[in-house]
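Reading the structure
This is what each chain is made of:
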Amino acid sequence: MLRRAEEKDIDRIMELLRQVHRVHSSGRPDLFTPGGIKYKESEVRDIINDEDTPVYVSTDENDVVLAYLFGAYGRVSKDNTCLVEHKSFYIDDLCVDEAVRGRHIGEGLYNYVLEEVKKYNTDDIYVIGGESIYNQFMPYVDTAYITYIDYSYQADKYIENL
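Residues numbered from 1 in each chain as written. Predicted model: local features only at pLDDT ≥ 70, side-chain atom pairs only at ≥ 80, totals over all residues. Heavy atoms only, no water.

Moving on, we get to the overall build of the chain. Within the chain, the regular secondary structure consists of 4 helices and 5 strands. Helices (α) and strands (β) of the chain occur, in sequence order from the N terminus, as β-α-α-β-β-β-α-β-α. Across the chain, the fraction of contacts at a sequence separation of at least 24, relative to all contacts at a separation of at least 6, is 60%. When the accessible surface of the chain is summed, it comes to about 10800 Å², and 50% of that surface belongs to carbon and sulfur atoms. (Helix = DSSP H or I, 4+ residues; strand = E, 2+ residues; numbered from the N terminus. Contact = heavy atoms within 4.5 Å. Areas by Shrake-Rupley, 256 points an atom, 1.4 Å probe, with all protein chains shown as cover.)

Quick look at the structure:
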């Protein structure tokens, strides 16, 4: 089942956040501390309950969360004097439980969210993430906004040349 996250899902979402952090901290110990986590439980509760920061989940037949997608709506209003009025949706984080990866659960969740976002007349969808997230969403890209930084970083992962 695909749906908006509810408070009853927080424990499972926290578990998935820990999985993501383990991947990050093992791959980049210079940036991520072992045992850390992106959000506190209270922060996840606040995010879930905020209409501007929806979290969507994919669940199994027992309503156990298998995947999540954190999103956020952004809007530049017509009161802004230097930017064109614009509504956007940002995909901040997507995780599929490591035990069920390879079953296209993330793809199904993404497609569900695309349909949900259309209901809000959103102009663009932005993906914020690392190599895995970018690779997952690359087939859906029609425009890429790239920021170039005048610095040479040590890295072991790179996005393809666009």
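The discussion continues.
Attention shifts here to helix α3 (residues 105-118). Helix length check: α3, at 14 residues, gives a terminal C-alpha distance of 20 Å against a target of 20 Å (1.5 Å per residue), a fit within 8%. Those residues of α3 that sit buried are I105, G106, L109, Y110, V113, L114, E116 and V117. (Expected span 1.5 Å × (residues − 1). Buried < 20%, exposed > 50% of the residue type's maximum accessible area, 1.4 Å probe, protein only.)

In this fold, S25 is placed in helix α1 (residues 10-27). Overall, S25 belongs to the buried group, its relative accessible area being 11%. Separated by 3.4 Å, the side chain of S25 and the backbone oxygen of R22 make a polar contact. In contact with S25, not counting residues within four places along its chain, are F32, T33 and P34. (Polar contact = N/O pair within 3.5 Å; in protein donor to acceptor, adjacent residues only side chain to side chain.)

Taken together, the side chains of I149, Y151 and Y153 make up a nonpolar region of the molecular surface, amounting to roughly 410 Å² of accessible area. Mapped onto the elements, Y151 comes out in the segment after α4 (131-137). Judged by its relative accessible area of 58%, Y151 is exposed. (Patch = residues over 30% accessible without salt bridge, like charges linked within 9 Å, V, L, I, M, F, W, Y side chains within 5 Å. Salt bridge = Lys/Arg side-chain N within 4 Å of Asp/Glu carboxyl O.)

This next bit is on the pattern of salt bridges. As enumerated under the stated definition, the model contains 16 salt bridges in all. Notably, a salt bridge pairs E98 with R22, separated by 3.8 Å at the nearest N-O pair. A residue pair is termed long-range when its members are at least 10 positions apart, and E98 in the loop between β4 (86-96) and α3 and R22 in helix α1 qualify at 76 residues. Put simply, R3, E6, K8, D9 and D63 are held in one network by salt bridges that share partners.

So, on to unusual backbone geometry. Comment: phi is negative for the bulk of residues other than glycine, and the bulk of peptide bonds are trans. Look at D63: it is not a glycine, yet its phi comes out positive at around 65°. Among the secondary structure elements, D63 is positioned in the loop between β2 (55-59) and β3 (65-76). Backbone geometry places H104, a non-glycine residue, at a positive phi of 65°. Positionally, H104 belongs in the loop between β4 and α3. Accessibility expressed as a relative area gives 58% for H104, which makes it exposed.

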